[in-house]
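The primary structure of each chain is shown beneath.
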Amino acid sequence: MSLRSMLGVCRSVLIYFNPLLMRRTRLLYNNILKNGDLVFDVGAHVGTRARVMRGCGARVIAFEPQPAFARFLRRTLPRDIVLIEAALGPAEARAEMSVSQRHPTVSSLRATLPDEARAMPGFEHVRWDARAEVAMTSLDRMIAQHGLPRYIKIDVEGFETEVLSGLSQPVALISVEYLPGLPDVSQQAIRMIAGLGTYEFNVVRGENAAFEWQDWRDRDAVAAWLAALAPDAGSGDIYARLKV
């Protein structure tokens, strides 16, 4: 690992291993996860979400293709969290990731992200200055191997629709990161999730770890909410819950 990559991982650890943030996230997950639930953490980064979900009693499979983060996770994750050092996408393949060594949490398999980010607030100082060839598999293949998860968390910096394209069946709960600078990605992700089953939606802004709405809403409502976001509104997560 280069010195720049090492410093980038350390920076992410300092940002995300925030006791207050992790406590808030646990309150959120305590309301949506049950003891023994199988969960997929797609884009595990430094593993804070995986650790919190495990603390809620979930059985966690963490996916992280980025070599610097995968190395950190191998050494630090609890042994009962399964780490798979691969990206998720449409099918089994090798793929090239654009890596920001200084800001590794925004490294992405979306080839156009470095160009698109020039016009996105909050990305002014980010440089994608390295490449990494990574393994890719699909959600369907992982479900066949590990079982159907109750929850899939997807945080992959603009590659969400490619991850969802590898899923052909409904899952009880799915969350995908939204980026106001990539509205088409978020809108397409909503449509893809709705195509799997009858879902209702809610939103968590940034790292607030609290739902935006008391009631869960339909696809049109969350699509309209996203369309009204200002470009500098900041990222967050869209949650989709399968109606029963």
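Our structure's up above, just so we're on the same page.
Please read these numbers as outputs of a predicted model, since none were measured by experiment.

A.B. asks: If you had to explain the packing of aromatic side chains to someone new, which residues and values would you point to?
C.D. replies: Inspection of every chain in the model, using the stated rule, returns nine aromatic pairs. Judged by centre distance (6.5 Å) and plane angle (80°), the ring pair of Phe17 and Phe72 falls under edge-to-face. In this pair, Phe17 is assigned in the loop between helix H1 (3-16) and helix H2 (19-32) and Phe72 in helix H4 (residues 67-76), connecting sequence segments 55 residues apart. Owing to a relative accessible area of 29%, Phe17 belongs among the partly exposed residues under this scheme. Ring centres of Phe211 and Tyr239 lie 5.3 Å apart, and the angle between their planes is 85°; this geometry places the pair in the edge-to-face category. Here Tyr239 lies in strand E10 (residues 236-242) and Phe211 lies in the loop between strand E9 (199-205) and helix H9 (219-227), a separation of 28 residues in the sequence. Phe211 sits in the partly exposed class, given a relative accessible area of 26%. Since its relative accessible area comes to 1%, Tyr239 is described here as buried.

A.B. asks: Explain the packing of helix H8 (residues 183-194) against H9 to me, using residue names and the numbers behind them.
C.D. replies: One can describe the packing of H8 onto H9 by two numbers: an axis separation of 10 Å at closest approach and a directional angle of 170°. One finds that H8 runs roughly antiparallel with respect to H9. Residue-level contacts link Ser186, Gln187, Ile190, Arg191 and Ala194 of H8 to Arg219, Val222, Ala223, Leu226 and Ala227 of H9. Split by residue class, the contact of H8 with H9 holds six nonpolar, two polar and two charged.

A.B. asks: Run through the sheet that holds strand E2 (residues 59-63), naming residues and quoting values.
C.D. replies: Strand order in this open sheet of seven strands is E3-E2-E1-E7-E8-E10-E9, and the pairing throughout is mixed. Strands with a single pairing partner mark the edges of an open sheet, and in this sheet they are strand E3 (82-84) and E9. Put simply, the sheet's adjacent strands are angled 15° from each other on average, direction ignored. Across the sheet, H2 touches strand E7 (151-154), strand E8 (173-178), E9 and E10, and the angle it forms with E10 is around 10°.

A.B. asks: Give a description of the nonpolar core that names residues and reports values.
C.D. replies: Core analysis: the biggest nonpolar cluster contains 44 residues, and Phe40, Val42, Ile154 and Ile174 have the highest contact counts within it. In this structure, Val42 is in contact with Phe63, Leu88, Leu139, Ile152, Lys153, Ile154, Asp155, Val156 and Val163, ignoring residues within four places of it in sequence. Val39, Ala44, Val52 and Ala68 belong to the second largest nonpolar core, which has 27 residues in total.

A.B. asks: With reference to specific residues and values, describe the layout of surface pockets.
C.D. replies: Remark: the empty space left among the atoms is shown by a probe the size of a water molecule rolled over them. Estimates place the volume of the largest pocket at around 780 Å³. Lining the largest pocket are 37 residues, with Tyr16, Thr105, Glu177, Glu207 and Ser235 positioned closest to its centre. Those elements giving two or more residues to the lining of the largest pocket turn out to be H1, H2, helix H3 (48-55) and E10. The greatest single-element share of the lining of the largest pocket, amounting to four residues, is contributed by H1.

A.B. asks: Now, about the side chain of Ser186: what can you tell me, with residues and values included?
C.D. replies: Assignment of secondary structure puts Ser186 in helix H8. Its relative accessible area of 5% is what places Ser186 among the buried residues. Apart from the residues within four sequence positions on either side, Ser186 is in contact with Tyr178, Leu179, Leu226 and Ile238.

A.B. asks: Before we move on, could you go through the pairing of E10 and cite the residues and values that matter?
C.D. replies: Burial runs high along E10: five of the seven residues are buried. The pairing of E8 with E10 spans six bridges and is antiparallel. Residue pairing across strands places Leu173 opposite Arg241, the latter belonging to E10. Direction of pairing for E9 relative to E10: antiparallel, over a ladder of seven bridges. The residue of E10 that forms the bridge with Val203 is Ile238.

Parameters at a glance
- Residues numbered from 1 in each chain as written.
- Predicted model: local features only at pLDDT ≥ 70, side-chain atom pairs only at ≥ 80, totals over all residues.
- Heavy atoms only, no water.
- Phe/Tyr/Trp six-rings, centres within 6.5 Å; stacked < 30°, edge-to-face > 60°.
- Helix = DSSP H or I, 4+ residues; strand = E, 2+ residues; numbered from the N terminus.
- Buried < 20%, exposed > 50% of the residue type's maximum accessible area, 1.4 Å probe, protein only.
- Axes fitted to C-alpha atoms, helices over the stretch in contact; angles between N-to-C directions.
- Parallel < 35°, antiparallel > 145°, perpendicular 65-115°, else oblique.
- Contact = heavy atoms within 4.5 Å.
- Nonpolar A, V, L, I, M, F, W, Y, C, P; charged D, E, K, R; others polar.
- Pairing = 2+ DSSP bridges.
- Core = buried A, V, L, I, M, F, W, Y, C linked by side-chain atoms within 4.5 Å.
- 1 Å grid on protein atoms, 1.4 Å probe; cavity = no way out; pocket = protein on both sides within 12 Å on 5 of 7 lines; lining within 4 Å.
- Points joined across faces, edges and corners; volume = space filled by probe spheres on them.

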